Protein chains: 2
Amino acid sequence: MEESYNQLKQRLAEVKDLDAIAGLMGWDQQTMMPPRGAGVRAEQMATIARLSHERFTDDEIGRLLNDLTEFEASLLADSDEASLIRVTRRDWNKARRVPTELAAELAHAAASGYEAWITARASSDFAKFLPALERNVEVKRRYIACFEGAPYDVLLDDFEPGLTTGEVSAVFDRLKAGLRPLVERIAARPDAVDDSCLTGDFPSDRQRALVLRIIERFGYNPEGWRLDPTAHPFAQSLATTDIRLTTRYDERNLAMALFGTIHECGHGLYEEGISPSLERTPLAHGCSMALHESQSRLWENLVGRGRPFWRFAFPLLREAFPDHFAAIDDETVYRAVNKMRPSLIRVEADEVTYPLHIILRFELERDLFEGDLSPTDLPDAWNTKMREYLGVEVPDVANGVLQDVHWSAGLFGYFPTYALGTVVAGQIWERVRVDLPELDEQFARGEFLPLREWLREHLHQDGRKFTPKETIARVAGGPIDPEPFLRYVTARVEEFYGG
Amino acid sequence: MEESYNQLKQRLAEVKDLDAIAGLMGWDQQTMMPPRGAGVRAEQMATIARLSHERFTDDEIGRLLNDLTEFEASLLADSDEASLIRVTRRDWNKARRVPTELAAELAHAAASGYEAWITARASSDFAKFLPALERNVEVKRRYIACFEGAPYDVLLDDFEPGLTTGEVSAVFDRLKAGLRPLVERIAARPDAVDDSCLTGDFPSDRQRALVLRIIERFGYNPEGWRLDPTAHPFAQSLATTDIRLTTRYDERNLAMALFGTIHECGHGLYEEGISPSLERTPLAHGCSMALHESQSRLWENLVGRGRPFWRFAFPLLREAFPDHFAAIDDETVYRAVNKMRPSLIRVEADEVTYPLHIILRFELERDLFEGDLSPTDLPDAWNTKMREYLGVEVPDVANGVLQDVHWSAGLFGYFPTYALGTVVAGQIWERVRVDLPELDEQFARGEFLPLREWLREHLHQDGRKFTPKETIARVAGGPIDPEPFLRYVTARVEEFYGG
């Protein structure tokens, strides 16, 4: 028994290594690789994906899982061992449906799409992106055909296992209903909040030093972390001891790098907090993308846009840019970072409009895979929905349909998890404030580790041991529920835009 | 036939991808990885090495090679196809002797050694390095036992296939005899050349900008290259379109980054110059380490320490550091970069003493694997030979036995290729100067591409198509011969230190 378990663990460690290596290759491609390297890199990504898939779907893993049925039944369900066997069985049955060659093609199409997206976005030319997009849609359709579910359910399952399109729609309908009146309220008072103090001349090296000082209080540590610039920020874990954050600097505006880095740091803290006993197993990863996003959004918004945080952070801001902030106080900055307004770019959107950016993408993706929308229709469909949901006119594709990297890498079904994570963050926040009544005072003193420890204990350490639904119930106290978030965001609008 | 060939090529492309990925992981470890990542990285390196070895030594590759015997005979021997079959057969027979688990252990020991070396060197504490060194020696002994040759011949063969310890000794004996009188001459006149103009206050970002301006004339292009700082500079090719150089900056002295970067650029030009038709095959690599080093040393010394080069480079130097070089002229810098003196550090050694640093390492390695030297004896043995060959007292292990990264990564048998490359560079230089009589005028105008094209045509494009001995004969006009180098270096000593 133990022998079979060790054999399984060793095989899974190899697959996990390959996946982490693919992560390194992706990180490198987006931060370091010279542009001409893209062609061969796509081949190398395909090779790793092929090998990883081939090794994981090996018959021998199925045989070992079979051998271990009795052993698994003898263990506590929440033990590392039982969880590893249970989760692997589910992953293995899923992966076995996909031919290895298709897994390699998906990786190749994803890696090739990145350069096409960079080029197309730089020249705001959708036609330059279209072939890569069509290729990614085409291979994804073949992937969907490997499964029995509805197309969009299949896509969702890769990011939020077990969640259905119907469940997403139910949450999103409630969000739409709750948010649209709020959007009207903020749109009616465009000058209620003045955020001009965030605009100025902020060299990126000083921005970098500032955000590092902040996230070091959250747990960032150069011994096991990095922070690099990139075109589309992300976080990548190569091990719980090797966490890579990326960010983007706007030298005219502080908000992008500041909130972007805090956001990615939230992802990094989740990955770092996974129990070391799960290292090099398939459980050593955040449980689902909605849960991941619950962490990044919690740090970015519920922490980073709160008054207590700015009591701590404002003096650092003033030290970093003494001339600019000489005559500005913390309350002014606190109000500025909470300005809300319908706008073009998702990653710069405020807390009220953000979910509508996501709902738009969800609907387009669903229509692309289940309706009659074709890739060529995307720019027009995008612009129409932006007008309808946010009252915003899109001037060009760079600020519209080409703003996000995801579709270039075949990441369809991923976007909904951003809004779901926002919702889950609202649920977690209500609980954590009950459990940690001193939170505001701690934040004001720059003490964020009590929050991190709470999150580690209630979420991070478990990695993928439980299903997303089980894990959400554990950390948030119940199923996905938009009401706490809507309560929170309504209070925010009332605070800054009146009742 | 063609079907078998394509199958072989596809399998080899996968192995080549894995090797390039291992290259990326090594590059990342030495330039980017946070220190705590080292433990898991060593496991990941072992996984890639295991997979690469396992896929390459697969029976099926042997069967395909067998099938292709007739096809190979029907082709011109210097065709890409015949070369691929021929070289693969040799590589495959060699790799088949090594158990896959041992290949993984070698990679693990090598990756683990790097952090130990960094730590030990920083505190100049050999004891901290010893366990990693002993482990690397131990696994290397098991590797040697897989083959029939003498231990050091086995080690040499990994870097300079086909070359024997006896052949190396013969060249090195001649070098010793030729160089020691020259060393005495330079040691007798320590003040003949003044290199104080290279010392001052040179911020590394401005050094970086300067060296980039220089190597861009050689062919460096950010579209397909990178340059990053590291502790022990190296060059890494991930594809002919993705060349990574690394360098080290001494903010008190210009010489290190300047000549170090030119040196690594020489390696990069070799890798970039390989025929695109060989991309993703095992032939897409420099032919041997001596040939590689012939390129780096040729650019570093025969180009970079020449008067014509400084006619071009001096104005850039003055633009980069206008105050420092306001009252200094190009002839002064030319003399300064040619100062010779017995010294402690190999990578900073002049052209005369450099080969003696190598001969010392060669003799220690040989005694470690064929004599009765043990790893614990290395510091004393090192210091004794430094005194004997160069008349230099070693103050501490950081400036002695711990100065080089190689042994931490199990690279035994590698050092000799540095001096052999220096020798081959001398041979190539004599030929190239006949073929390109305008070279000096071109260099003075900043035109280095004619030289690069000559090297590409006579060497780079062929990659590993021919054996090192065949390749040396093609580019240098005959077997390894120390006389051209000795003639060149004697003339240099006469120029700067008198007859």
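Just so it is clear, the structure is predicted and the values come from calculations on it, not from any experiment. (Residues numbered from 1 in each chain as written. Chains lettered and ligands numbered in written order. Predicted model: local features only at pLDDT ≥ 70, side-chain atom pairs only at ≥ 80, totals over all residues. Heavy atoms only, no water.)

## Quick word on the sheet that holds strand β1 (residues 225-229) of chain B
Residues and elements named next belong to chain B.
Logical step 1: Pairing within the open sheet is mixed, and its three strands lie in the order β1-β3-β2. Every other strand in the sheet has two partners, leaving β1 and β2 (235-239) as the edge strands with one partner each. Pairs of neighbouring strands in the sheet enclose a mean axial angle of 20°, with direction left out of account.
Logical step 2: For β2 and strand β3 (residues 242-247), the ladder comprises four bridges, and the chain directions are antiparallel. If you follow Ser 237 over to β3, its bridge partner there is Ile 243. (Pairing = 2+ DSSP bridges. Helix = DSSP H or I, 4+ residues; strand = E, 2+ residues; numbered from the N terminus. Axes fitted to C-alpha atoms, helices over the stretch in contact; angles between N-to-C directions.)

## Here's the deal with the side chain of B:Thr47
Logical step 1: Along the chain, B:Thr47 turns up in helix α2 (residues 38-56).
Logical step 2: Residues in contact with B:Thr47, not counting those within four places in the same chain, are A:Glu14, A:Asp17, A:Leu18 and A:Arg280. (Contact = heavy atoms within 4.5 Å.)

## Here's the deal with the packing of aromatic side chains
Residue and element names in this part refer to chain A.
Logical step 1: In the structure shown here, the tally under the stated rule is 54 aromatic pairs over all chains.
Logical step 2: Where Tyr 5 meets Phe 71, the ring centres are 5.7 Å apart and the plane angle is 55°; that geometry is what we call tilted. With a gap of 66 residues between them, Tyr 5 in helix α1 (residues 2-31) and Phe 71 in helix α4 (residues 69-73) connect regions that are remote in the sequence. Residues Tyr 5 and Phe 71 agree in their burial class; the two are buried.
Logical step 3: Ring centres 6.2 Å apart and planes at 90° place the aromatic pair Trp 382 and Trp 407 in the edge-to-face group. On the criterion of sequence distance, the pair formed by Trp 382 in helix α16 (residues 378-390) and Trp 407 in the loop between α16 and α17 (416-435) is long-range, its members being 25 residues apart. Here the two residues Trp 382 and Trp 407 agree in accessibility, since each one is buried.
Logical step 4: Ring-pair connections join several aromatic residues into one group, and the members of that group are Phe 159, Phe 369, Trp 382, Trp 407, Phe 412, Tyr 414, Phe 415 and Tyr 418. (Phe/Tyr/Trp six-rings, centres within 6.5 Å; stacked < 30°, edge-to-face > 60°. Buried < 20%, exposed > 50% of the residue type's maximum accessible area, 1.4 Å probe, protein only.)

## Describing the relation of the copies chain A and chain B
One copy of the chain maps onto the other through a rotation about an axis followed by a shift along the same axis.
Logical step 1: Relative to chain B, chain A is turned by 180° and slid 0.0 Å along the rotation axis, the superposed coordinates differing by an RMSD of 0.0 Å. Taken together, the rotation and translation describe the operation of a two-fold axis.
Logical step 2: The residues that chain A uses at the interface reappear at the interface of chain B in 100% of cases, marking a shared surface. (Least-squares fit on C-alpha atoms with pLDDT ≥ 70 in both.)

## Considerations on the environment of A:Phe321
All names here are of chain A.
Logical step 1: Positionally, Phe 321 belongs in the loop between α13 (307-320) and α14 (330-336).
Logical step 2: The exposure class of Phe 321 is buried, given its relative accessible area of 3%.
Logical step 3: Separated by 28 residues in sequence, Phe 321 and Glu 293 have C-alpha atoms that sit 31 Å apart.
Logical step 4: What Phe 321 contacts, discounting residues up to four positions off in sequence, is Phe 202, Pro 203, Arg 206, Gln 207, Leu 210 and Leu 254.

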